[in-house]
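# Survey of secondary and tertiary structure
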Amino acid sequence: ASLKTLAGISSSLIDLVGRMNNYACCNSQNGRRFTTTIISEYHPVTRDLIYVNAGHNSPILQRQTGTIERLPASGIPLGILENAPYESGSVTLQSGDWLVIFTDGVTEAVNYHNEEYGEWRLMGLLNENMSATPTLLLDTILNDINHFVGNTPQHDDITLMLLRAV
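Conventions we followed
Residues numbered from 1 in each chain as written. Predicted model: local features only at pLDDT ≥ 70, side-chain atom pairs only at ≥ 80, totals over all residues. Heavy atoms only, no water. Phe/Tyr/Trp six-rings, centres within 6.5 Å; stacked < 30°, edge-to-face > 60°. Helix = DSSP H or I, 4+ residues; strand = E, 2+ residues; numbered from the N terminus. Buried < 20%, exposed > 50% of the residue type's maximum accessible area, 1.4 Å probe, protein only. Pairing = 2+ DSSP bridges. Axes fitted to C-alpha atoms, helices over the stretch in contact; angles between N-to-C directions. Core = buried A, V, L, I, M, F, W, Y, C linked by side-chain atoms within 4.5 Å. Contact = heavy atoms within 4.5 Å. 1 Å grid on protein atoms, 1.4 Å probe; cavity = no way out; pocket = protein on both sides within 12 Å on 5 of 7 lines; lining within 4 Å. Points joined across faces, edges and corners; volume = space filled by probe spheres on them. Salt bridge = Lys/Arg side-chain N within 4 Å of Asp/Glu carboxyl O.

## Looking at the packing of aromatic side chains
This structure, assessed with the given rule, holds one aromatic pair. Aromatic side chains tyrosine 117 and phenylalanine 148 sit 5.4 Å apart centroid to centroid with 80° between the ring planes, which places their arrangement in the edge-to-face category. With tyrosine 117 in the loop between α3 (104–107) and α4 (119–128) and phenylalanine 148 in helix α5 (residues 134–149), this residue pair connects regions lying 31 residues apart in the sequence. With respect to burial, tyrosine 117 and phenylalanine 148 carry one shared label: buried.

Given below as structure tokens:
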């Protein structure tokens, strides 16, 4: 709700994330409650992605060539430190590139042996399915996670967002 309200004011992504952070700090119980986030703008015509990563897992960018890049964090999670500095990053996607943004619940999902799913499994599926449609790749990843965890209760959300540049 705060994002929706604050995004109505025209500004840069850095300013938006700064305002979200300051709002979160007012409601964070002195930094004990915080939120990681990635806020981005994607321009499909130019394939430019501008982003601010506030303490979130570094998204995976798999180039059509198979090369893996990461989009690093540029600031601390929201709600920890009022007026914390944030920086934006940018990347230009090429046709066939995949961008995978995920919560730590994906890579930290555990099975009955208390083994974590891990980033290497996620990257392996991405590499094996580069020509898949976004829907098929998402289904493949989620089915693999579900198979891996079985009936083991999870303690965090499992959220993925896939973007394939065309």
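## Quick notes on the sheet that holds strand β5 (residues 89–92)
With respect to topology, three strands assemble into an open sheet ordered β1-β2-β5, the strand pairing being antiparallel. Edge positions in the open sheet fall to β1 (37–43) and β5, since each of these has one partner strand only. For this sheet the average axis-to-axis angle between neighbouring strands, irrespective of direction, equals 20°.

## Some words on the nonpolar core
Core analysis: the biggest nonpolar cluster contains 19 residues, and Val100, Leu122 and Ile141 have the highest contact counts within it. Secondary structure elements with two or more residues in this core: β6 (98–102), α4, α5 and β7 (160–164). Ranked by residues supplied to this core, first place goes to α5 with five residues. Dropping the residues within four chain positions of it, valine 100 is found in contact with Pro59, Ile60, Leu122, Leu126, Leu160, Met161 and Leu162. Leu6, Leu16, Val17 and Ala84 belong to the second largest nonpolar core, which has 12 residues in total.

## Comments concerning the pairing of β1
Here β1 runs beside strand β2 (residues 48–54); their pairing, made up of seven bridges, is antiparallel. Within β2, the residue paired with glutamate 41 across the bridge is isoleucine 50. The antiparallel hairpin formed by β1 and β2 contains four residues in its connecting segment, where arginine 47 sits at a positive phi of about 65°.

## Thoughts on empty space enclosed by the protein
The final tally for this structure, using the stated rule, is one cavity of 30 Å³ or more. Volume-wise, the largest cavity comes out at about 30 Å³. Residue lining of the largest cavity: Ile38, Ser40, Leu49, Tyr51, Pro59, Leu71, Leu99 and Ile101, and that is the complete set. For the lining of the largest cavity, the elements supplying multiple residues, two or more each, are β1, β2 and β6.

## A word on the pattern of salt bridges
Charged atoms that come close allow side chains of opposite charge to pair. In this structure the tally under the stated criterion is three salt bridges. With its nearest N and O atoms 2.7 Å apart, the salt bridge here joins arginine 63 to aspartate 97. Within this pair, whereas arginine 63 is found in the loop between β3 (60–62) and β4 (68–70), its partner aspartate 97 is found in the loop between β5 and β6, the two being separated by 34 residues in sequence. The residues arginine 63 and aspartate 97 share a single accessibility class, namely buried. The partner of glutamate 119 in a salt bridge is arginine 70, with the nearest N and O atoms 2.7 Å apart. Residue glutamate 119 is found in helix α4, and its partner arginine 70 is found in strand β4; the two are separated by 49 residues along the sequence. With a relative accessible area of 31%, arginine 70 lands in the partly exposed category.

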